[in-house]
Structures are given as C-alpha cells and as structure tokens.
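Analysis of the macromolecular model
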Protein chains: 2
Amino acid sequence: MKATITDVAKRAGVSMKTVSRVLNNEPNVAENTRARVKAIADELRYSPNLAARGLATSKSYLIALMYDNPSPNYISHIQRGAIDACREAGYHLVVQPFSLGDLVSTDEKIRTVRRVMDRLPVDGVILTPPLSDNAAVLEVLEELNIKCVRVAPKNGGAQPFVGMDDETASYQMTQHLLNQGHKKIAFIRGHADHAATSLRHAGYMRAMQEAGLVVSENLIAQGDFSFESGAAAARKLLGGQTEDIPTAIFASNDDMAAAVISVAGQMGLNVPETLSVCGFDDTPLARVVWPALTTVRQPIYKMGHQAAKELVRRSDEQSEKGQILDFEIMLRDSVAKLK
Amino acid sequence: MKATITDVAKRAGVSMKTVSRVLNNEPNVAENTRARVKAIADELRYSPNLAARGLATSKSYLIALMYDNPSPNYISHIQRGAIDACREAGYHLVVQPFSLGDLVSTDEKIRTVRRVMDRLPVDGVILTPPLSDNAAVLEVLEELNIKCVRVAPKNGGAQPFVGMDDETASYQMTQHLLNQGHKKIAFIRGHADHAATSLRHAGYMRAMQEAGLVVSENLIAQGDFSFESGAAAARKLLGGQTEDIPTAIFASNDDMAAAVISVAGQMGLNVPETLSVCGFDDTPLARVVWPALTTVRQPIYKMGHQAAKELVRRSDEQSEKGQILDFEIMLRDSVAKLK
DNA sequence: GTTCATGTTGACAGCGCTGTCATTACTGGA
DNA sequence: TCCAGTAATGACAGCGCTGTCAACATGAAC
C-alpha cells in the first residue's frame, strides 16, 4: 500500500498540516522538524497523491503539449525538453494532437477544440506551430482561462513565447556561403503559411545585399518544405541558362536540401565540388544524406524546456515574457569553397 | 466557473448519485431519467473533475507511454494511436522517456525507474522496445502493481502484448524479390539486441530455402540498423567477386536500405535497373529517397491503439492476451524485374 | 392480501490533501 | 513585569466525486 501523509505525520509525531508544509517548502517550520519529516517521508517512499492534492488546490499538475501534424522529429525534441522541465517541478506532460487542417469553418474548429479542452484538465498548454498562431485554439484557451506558451509564433500576442531568430540564422548561413567565395547563391523558400518562411528569406536577402550582390529573380524558387517541392525547385534552378546557374543553393529546410542533392546527383553534378548545398533545421536526414548537410540547428529541445518551465514555474519565480534562443550553424560536407 | 455534478443534479431534480450513475453508464436508471440527465449535462457542458473522480475511485485516468530512445517516427505513430484510444475512453496519455542505456547496474536501473514511477500516478503503461524487454522496468511495474502492455516484445511473459509477424513479413518480401526473378538476394541484418533482427533474418532464410537456393555466406552482412552500418554492409556486398555480387539487397530497415541506394549511386550502379533494393519499416525516409523504397509497413499506429485500448478497457470488456497485427508490403520503385 | 424479488433512487461518508484560522511558545522592547 | 509581534504548530472543513447501504416502488407469485 502506498504511504499517505497521515502515515508520515504519525511516524514523525506531528500533524498532517506540518508534513504538508514541509513537502511544499512552505516557511514557518522549525529546521529540525523539517529535516525529520523529510527523512521519514524518504524512508516511507512517500509521494503525494496527485488527485487529492489537485482536488484541494484545484490544479491538476498536468500540462499539455498540443500539436497539429508537425514533423515527428520536431515534436519529439520539444516533447523531451518539456518533459524534463515538468519532472523538475513535479508536473507531468500529456500530449494532445489536433487535426484542425481538415476543418473549414472557424466555428467548427472552435467547437472541436472546446470539446477536447473541456475534458483535458491541465494547468497550461504548450502550443507548437502551426497551433501557436491558430485563432480557434487561442480563443478557446482564453475563454477557459488556461495559460499557454507559444512556440515560434508568427504574430505577437499577450501570451509568453519562445522562439529563435530565423532571420539572423539565415543571414549568417548566407554569409558563410559568401565567405566560401560563392556569389550566385540561390534560395528555396518554404511554405508561405509558415512563420519562418519570410524570415529566412529576409535573412538571405539582407546578406546578399550587404555583399553588394543583386539577387536575380532566377535565383529564388518557391517550395513548400516538402522533398518533392525541393526537387522541383532544384530542377528549375539548375536547368536554366548557363550564366544563371547557381554555384550554391540554400534550401530553407533539410528535406528540400536533400532533394537538391538528389537532383544534382541525377544531373551529374558533384556536391559539393560543383554545387554547394545547405539546409535548415538539422533533422536526422541531414546526417544521413551524402554528403552530410551543412545546416542550422534549431534549439528545439530548449524551446520545449523553456516553454514548460514557464508554465510550471511557481508564482513567486520570475517570469519571462518572451525568449529568443540561440541557434547553431552545423558545418558539414555539403558546402565547399568556390574554386 | 465549471459546472459540477451538483449543478446537474439540482437542475435535473435528482440526486448526485443518479447523475453519477448516468455519467458512468451504470445500470438501474430509468430511461427517461437517464435521457434528461444527459441532456442537462450536455447543456451545461458538464465534464467530470478528474481529480475528484480519481480520488474517489483511486484511479488516475492516465496511462503512460514509456520509451527509451526510439526513432521519433516510431514513437510519434505509437503515440498517436494510443492517444486516440485514450480519448475514446476518457483517459489521457502522459509520456515518459527513460535513458536506461547509460546506467550499468540493474540495481541502479531499478532505483531510477522506481523513483519515476513512484510519482507517476498512472493506471497502466505502454512499453515500447527496447523497454518491452527491460527487466528493471518489468520488475518495478510488478512491484508497484501497475498494469502494462508490451509492444513488440522479444521474450514471452505474463503481460499482454501487441506485435507483428516480422518473420512472415520478411518471408513475403523475399518472395517478392524471388518472383521478380532475383536469385542472388543479399540480406543485411539489424542490431543483434533487437527482437526483430533474428525474425527478419529467419523469414528471409525460409523463403530462400523454399526456393531451393543456397544462401552463401557472402550474401549476408551484419548491420546495426544505422545508415552508416548499412553503407558499410553495402560496400562489402557489392565489392566482392563478380559471381557473388547480388542483384538485389534486402536491408532489414529503411535507414540501411537508403544507405545501400546511396552507396550504389556512388559506385555507378543504377537502382533499380542494375540493383534492386528493399527495406523494412516504411519510415518517411522511404518515400524521400530516390528511387522510393519498396518496404514493409509496420502497423505502428495500430499497435499503439490496441495497446492503449487494452489498458483502458472497462473490466467487463473482453481482454486479449496478445495480438499480432497485419503488416503491409509497400511496392514502390526500388525493385525491378531481373532481365 | 401478503411475500418476495427486482428496479430505481437518495443520504451520507470518505478518498488524501491543503486553506483557514485558532492556539501556543517564544522573542525583544517599554 | 507585561505586552505586542512573530514563529511554529494543529484542528477542522471541504475540494467533487463514487461506494455502500438503506429506502421505497412496482409487479409477479402464491
């Protein structure tokens, strides 16, 4: 049988309430009492009954990670970070996927979200893209008065958020290509709905312009983050007039970069000797393709960690309205100096 | 404010207990009472307080998905399946990763698992490989009297399980290659610790033997499921004497199969014209490599679904001791008829 | 009409914890 | 010396639900 607070109290010769104070690190407990209670709780392997505590405090000690069809890789890192933050605070993480994309009307979306949230007793939720900017979700959360943290949101808002500086990352990656002597650097854009798409594009443009280069229209291709769209973009970029053919292609995610490598191979171009390629995200794919992709590592784990930390923090702790986390440029084998 | 059971009871002019009976589908409630209570509960958007219910029933309405360093893709499908089954039953899924690989002694593992499980109030857990066969985990669960379902376990045991028939899948895939006219079919084994490794190997051997073919030692290579090991295996298999060079390679997972395609490309071999390749698992990678991989789709979603279903089933429902789920052979572009 | 089985309902306690408030012990200052 | 202020502790109610058990209604069997 699991030990209860009463067991500990009896054994320590104090009241339940005192034990409760110790367990919750409340003040006004004599040091030796505190120590004794702690020792006995340990000995009995006591751990509080979450349901009872929740009933008394009207909290659930649960937070939710909500997502809608993200890449498994992304979600698994966020998840890992969030769980670690939860554990430190005695919380647990429940996962809650949505498929809001199938629904047309906002009204229907709201009803769907509400139906789920009505029976999901959580103290806070982490919203991952594209949910971070989903109006229906945001509205229901506000209506039900549930705290949330938005991961990599597109638009501003009253809620706290965590993110990274896509523009600067893209700028730096472009600079790296420039430093290797490349001038004809092409860029493949991602899905237009995605917050990161325009930021990454902007970073590339800024670096090119600062280098005094004119970005011809032929150097920009539109993709949608999928492998197939990357392949199409690559064919377009590499199939033009000789003078326009890029010596480097910066794809705005790894899937598209992998597609570029694949297409280049089919066209008889050597990567990186004839064509340098780089990606964005540092997915597992980046290390599996050949040559291994130079790419930007997003602080995904840390985003999850910080987001959860903000939600489970005790009210006396400092809160942070928004956090921009550091990225890292992973130099691998798909970029070479231009000869 | 959220509605409580008392609100519903007052409004319906019945006692709390009757409302409770209706909500839990208990018998012995007059049909019209039942209907009225249901209608009012709906109207009030009432949903029970999990903590209170949990306190009264000493259940938590939570089940855990435990994993140790699996592929994100695998876990995300299992997770999705499990969540869907939970929702149907009013349960929620909490995720709990472990890193038991770093620990050496069994004792230490047991303590680690116990520390986590002591404060994880769940009604049951889903164990994914390699945890499905982890002695420490199994022991702690038994000690704490927590139900579990093992996903794709290696060894037998008293607990229910879900899995698939790796041997038959491998057998059928090999037959497919045979049907395409291949005779020199090589096989790349996976990590020796993994339950599936020997099963997949056995299926291959059975098909080869039934076809009356002698499997030369040169046709078998050892890998460990990683891309790198697959590349090494491919180099070994393709670099031998001419008469031993396979016309088809069956890699026992997709990562290794992707490596084979990559190596073949580097060696100037056309896939599938000169070399057919197939994999196992149907990861996203399989559709992203070129040519797209012929592979075996595991019923991962369904495994998660069934596992959770077994854990959340009401005690009056039928239980299943073990379930072998159907796989599917995905015919794509990496296998061709031998000319 | 009485008896019994069965169906329907409600009163009430109590799950394990924490919030509130009262009580006691102890300190330093007037 | 006495009192106020503060630290340390405990008694008790109650969070929202369900399990138990008792009460009552109904109808069949005798």
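Note: the structure precedes this text.
On a predicted model such as this, the values are computed, not experimentally measured, just so you know.

A separate point is the protein's contact with DNA strand C. Near DNA strand C you find 26 residues, and of these Ile5, Ser20 and Tyr46 of chain A together with Thr18 and Arg21 of chain B are the closest. Close to the protein, within 4 Å, the atoms of DNA strand C belong to sugar or phosphate groups at a rate of 61%. One of the backbone N or O atoms of alanine 52 of chain A is found 3.3 Å from a base nitrogen in DNA strand C. At a separation of 2.9 Å, a phosphate oxygen of DNA strand C approaches a polar side-chain atom of threonine 33 of chain B. At the level of secondary structure, the elements contributing two or more residues to the surface near DNA strand C comprise α2 (16–23) and α4 (50–57) of chain A together with α2 (16–23) and α4 (50–57) of chain B. The dominant element in the surface near DNA strand C, judged by the number of residues it contributes, is α4 of chain A, at four residues.

For the bond running from valine 271 of chain A to proline 272 of chain A, omega is 10°, close enough to zero to count as cis. Following the sequence through the fold, proline 272 of chain A ends up in the loop between α11 (254–266) and β9 (276–278). In this model, proline 129 of chain B is joined to proline 130 of chain B through a cis peptide bond whose omega is 5°. Along the chain, proline 130 of chain B turns up in the loop between β3 (124–127) and α7 (135–143). Phi angles above zero are rare outside glycine, and tyrosine 61 of chain A is one such case at about 55°. By secondary structure assignment, the location of tyrosine 61 of chain A is in the loop between α4 and β1 (62–67). Here tyrosine 61 of chain A falls in the buried class, since its relative accessible area comes to 10%. The backbone of phenylalanine 225 of chain A sits at a positive phi, close to 80°, despite the residue not being glycine. Inspection of the secondary structure puts phenylalanine 225 of chain A in the loop between β7 (220–222) and α10 (227–238). The exposure class of phenylalanine 225 of chain A is buried, given its relative accessible area of 15%.

Attention now moves to the interface of chain A and chain B. If you look at the interface, chain A gives 42 residues, while chain B gives 42 residues. Applying the counting criterion to the chain A and chain B interface returns four salt bridges. Note that arginine 45 of chain B and aspartate 118 of chain A form a salt bridge whose closest N and O atoms lie 3.0 Å from each other. Where chain A meets chain B, there are 15 residue pairs in polar contact (both at pLDDT 80 or more). Contributing elements (two or more residues each) for the side of chain A that touches chain B: α4, β1, α5 (72–89), β2 (92–97), α6 (106–118), α10, α11 and α12 (285–288) of chain A. For the side of chain A that touches chain B, the leading source of residues is α5 of chain A, giving seven residues. In terms of residue class, the side of chain A that touches chain B is built from 21 nonpolar, 11 polar and 10 charged.

Right, let's talk about helix α8 (residues 166–179) of chain B for a bit. All names here are of chain B. Given a rise of 1.5 Å per residue, 14 residues ought to cover 20 Å, and the 20 Å separating the end C-alpha atoms of α8 matches this to within 8%. For α8, a buried count of 11 out of 14 residues is recorded, marking the element as mostly surrounded by other parts of the structure. Looking only at α8, the buried set comprises Asp166, Glu167, Thr168, Ala169, Ser170, Tyr171, Met173, Thr174, His176, Leu177 and Leu178. Where α8 ends, the next residue or the one after it, glycine 181, has phi of about 95°, a positive value.

Residue and element names in this part refer to chain B. If you walk across this open sheet you meet the four strands as β7-β6-β8-β9, and the pairing is parallel. At either margin of the open sheet sits one strand with a lone partner, and together these are β7 (220–222) and β9 (276–278). Adjacent strand axes in the sheet meet at a mean angle of 15°, parallel and antiparallel pairs treated alike. Note: strand β8 (residues 248–251) against β9, three bridges, orientation parallel. When the sheet's bridge partners are listed, isoleucine 249 is paired in β9 with valine 277. α8 rests against β6 (185–189), β8 and β9 of the sheet, and its axis sits at about 170° to β8.

Procedures and definitions
- Residues numbered from 1 in each chain as written.
- Chains lettered and ligands numbered in written order.
- Predicted model: local features only at pLDDT ≥ 70, side-chain atom pairs only at ≥ 80, totals over all residues.
- Heavy atoms only, no water.
- Near = heavy atom within 4 Å.
- Polar contact = N/O pair within 3.5 Å; in protein donor to acceptor, adjacent residues only side chain to side chain.
- Helix = DSSP H or I, 4+ residues; strand = E, 2+ residues; numbered from the N terminus.
- Buried < 20%, exposed > 50% of the residue type's maximum accessible area, 1.4 Å probe, protein only.
- Contact = heavy atoms within 4.5 Å.
- Salt bridge = Lys/Arg side-chain N within 4 Å of Asp/Glu carboxyl O.
- Nonpolar A, V, L, I, M, F, W, Y, C, P; charged D, E, K, R; others polar.
- Expected span 1.5 Å × (residues − 1).
- Pairing = 2+ DSSP bridges.
- Axes fitted to C-alpha atoms, helices over the stretch in contact; angles between N-to-C directions.

Just geometry here; none of it tells us what the structure is for.
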